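# Notes for the structure review
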Amino acid sequence: MLIVILNYFYINENNSQGEWLKMKKIWQHHRQLMFAIASGVFVATAWMMETLELSFGAFLLYMIAYAIGGYYKAKEGLFELIYDKKLSVDVLMILAAIGALFIGHYMEGAILIFIFALSGALETYTMNKSEKELSKLIDLQPEVATVIENGEEKTVRTEDLKIGERVIVRAGERIPADGIVLEGTTAVDESALTGEAVPIEKSASSYVFSGTVNLTGTIIFEVTKKASETLFQKIIHLVQSAKEERSEAQQLIERLEGPYVKIVLMAVIVMMFLPHYAFGWSFEQSFYRAIVLLVVASPCALVASVMPATLSAISNRARAGVLFKGGVHLEQLGYVKAIGFDKTGTITQGTPAVTDVFVNEKYNEPAFFAAVAAIEKETSHPLAEALIQYCEAVSKETAATAENVQTVSGWGLKAAVNGKTWKIGKSGFFSEELIDNFYPNERKRLLNEGKTIVYAGNDEEIFALFALEDMLRDEAKEAFEQLRKMNIKTIMITGDNETTAKNVAKKANLDGYIANRLPDEKVSEVKKLREKYKYVAMVGDGINDSPALASANVGIAMGSGTDVAIETADAVLMKNDLRKIPETIQLAKKMNRIIKQNIAFSIAMIILLIIGNLFEQVDLPLGVIGHEGSTLLVILNGLRLLKS
């Protein structure tokens, strides 16, 4: 009936195009499930006809149920047998159904096919679900882009965009490539990439990403990456990797499946003849018990113990903005006992901010801060942006002009403001006497806290002292506290100096820190942690973190990190939210528990049914229900992880 209805939507020319496409999409995504349900409908109808003693009609419906329900699994099993020379569970089920048909148990065989088809459809659903959250991105990338060339607009294919080209994107359009904004301001919806619902403001010098939506204004940006190298494409690559890579438990089961199937087939052959000649059973009885053995000994539930659970967990994390390259990495994360963290850009925000200011009283006015901002605007030093932001916020509308700005390499800036000479830079730029006499106690405290100090003044006096610090991420302490409750050690491994590392570790409430480590030395520290704790994760964002990420059991990259770090890592925190790590570990632990439950339950059920069959306590109907029911239960148990 379902198939007839679907075909109606295919061929009825009076249906609207939208309705036709909608039904076509439903058919393509749920075809296997609909075949399974249709098989069940035919089995139920055939059983009712049997009760009405319409035997021939019931037989025909059972045969239809066989054909429809067994189509996908028979196709899959025969393909593996013919082309891969591999015996699988699907082959056992085909033989069991044919055997039931041969001995006249049409209904039991049809029920076996129906439940087996249903379990297969649920597995397929799980796999599709695991990809859905990310693979839908494929439809988000525009096929064409509008390029500005010699002052004129022209349309080109997105894949043909070249680095350095200028692209215009208007409100409501999707951004076709990764790049940096040259002109215009807007708000961009990046939820498809990061899951973040709040639009992100973009202006000159801001980065934009392929597949995101320009919401409010028109912008012109310069392409910085080829179409094949965008963040969008990296995410698609992660999806493909997650689908292809198997967990250790799954790999073990797949290795054992072929030999186990051979053993079952040999046992079935022995069962057909041995009881007949050794124990005096009738040949019909021996053959019947052999068919029951073929059903109950098939490892369907065991094979389905791992993959649905793993893919459900990967899908769950994808919705939360945590991308895994394979189930093995999520599995191993559940065993982690210690996590190493890079400092800059991982525990901290990666950009400095002004935390303390001490100003000579006669200069504590808006015009002074406006002058500092004007001078700093003439340099690209990493600290300049923080000083500019702070000083402009204090000076408000006050304006100042800096003249003859010069960079003194290694020290700071020189300039003239209102005819007066200014210097802004580190302590060595000024005389020791001036430095020692300007808030000496505060200066000592700030240095002990690992903060960077910048002075403003000239050769005669110090005008002000600015202390800057790379601030902790807002969620860092909460994340580390959650990890501590889980008895997972948190250790910072950084290239920064001892003082800075000590202060950051104290503020973040970490279990320990290791300072002054170069990239290769970070690898050594990760290896030491693995020797001590066995299972170790590493979290980082930079090129210098990549070797350590690769050395850990599980490498986790920040979504804002470098391409190299993201490529090297086993998982990516798209939202840069460290709280997702303890959440994900909890889910990984639950996934591992569910997998163990499924494996133990499926093995116990197989053993129980085999023993029951040997003592003639399990007939074919009960064997079908016990075997296929256990398969459905382990799949449904794994599907719970979708909502955890």
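Scroll up for the structure.
Position numbers for residues count from 1 along each chain, tracking the sequence in the order it is written. Where local features are concerned, this predicted model is filtered to residues with pLDDT of at least 70; where side-chain atom pairs are given and counted, the filter is 80 or more; whole-chain, interface and lining totals use all residues. As a convention, hydrogens and water are excluded, and side-chain values are obtained from all of the structure's heavy atoms.

## Concerning the sheet that holds strand β1 (residues 144–149)
When DSSP finds two or more bridges between a pair of strands, those strands are recorded as paired. Secondary structure counts use DSSP, requiring at least four H or I residues in a row for a helix and at least two E residues in a row for a strand, with both numbered from the N terminus. Spatial ordering of the open sheet is given by β2-β1-β3-β9-β4-β7, a layout of six strands whose pairing is antiparallel. Both outer strands of the open sheet, β2 (152–157) and β7 (207–208), are each paired with one neighbouring strand and no more. By the bridge criterion, six bridges tie β1 to β2 in an arrangement that is antiparallel. From the neighbouring strand, Ala145 faces β2, where its bridge partner is Val156.

## Concerning the packing of aromatic side chains
Aromatic rings from Phe, Tyr and Trp, with only the six-membered ring used for Trp, were paired whenever their centres fell within 6.5 Å, and each pair was classed as stacked if the ring planes differed by under 30 degrees, edge-to-face if by over 60, and tilted otherwise. Applying the stated criterion across every chain, the model contains 16 aromatic pairs. Ring geometry for Phe368 versus Phe369: centroids 5.2 Å apart, planes at 75°, classification edge-to-face. Comparing Phe368 with Phe369, the two get one shared label, buried. Aromatic side chains Tyr390 and Phe466 sit 6.5 Å apart centroid to centroid with 80° between the ring planes, which places their arrangement in the edge-to-face category. Placement of Tyr390 in helix α15 (residues 384–395) and of Phe466 in strand β17 (residues 462–472) is noted, with a sequence separation of 76 residues between them. The buried label applies to any residue whose accessible area, calculated with a 1.4 Å probe on protein chains only, is under 20% of its type's maximum; exposed applies above 50%, and partly exposed to all values in between. Overall, the relative accessible area of 30% leaves Tyr390 in the partly exposed class. Through a chain of ring-to-ring contacts, the aromatic side chains of Tyr363, Phe368, Phe369, Tyr390, Trp422, Phe463 and Phe466 assemble into a single cluster. Here, a charge over a ring is recorded when the distance from Lys NZ or Arg CZ to the ring centre is within 6 Å and its angle to the ring normal is within 35 degrees. One Lys or Arg, Lys423, reaches over the ring of Phe429 and ends 4.8 Å from the middle of that ring. Directly above the aromatic system of Phe430 lies the positively charged group of Lys423, at a separation of 5.0 Å from the ring centroid.

So, to be careful, I would describe these as geometric facts and stop short of saying anything about function.
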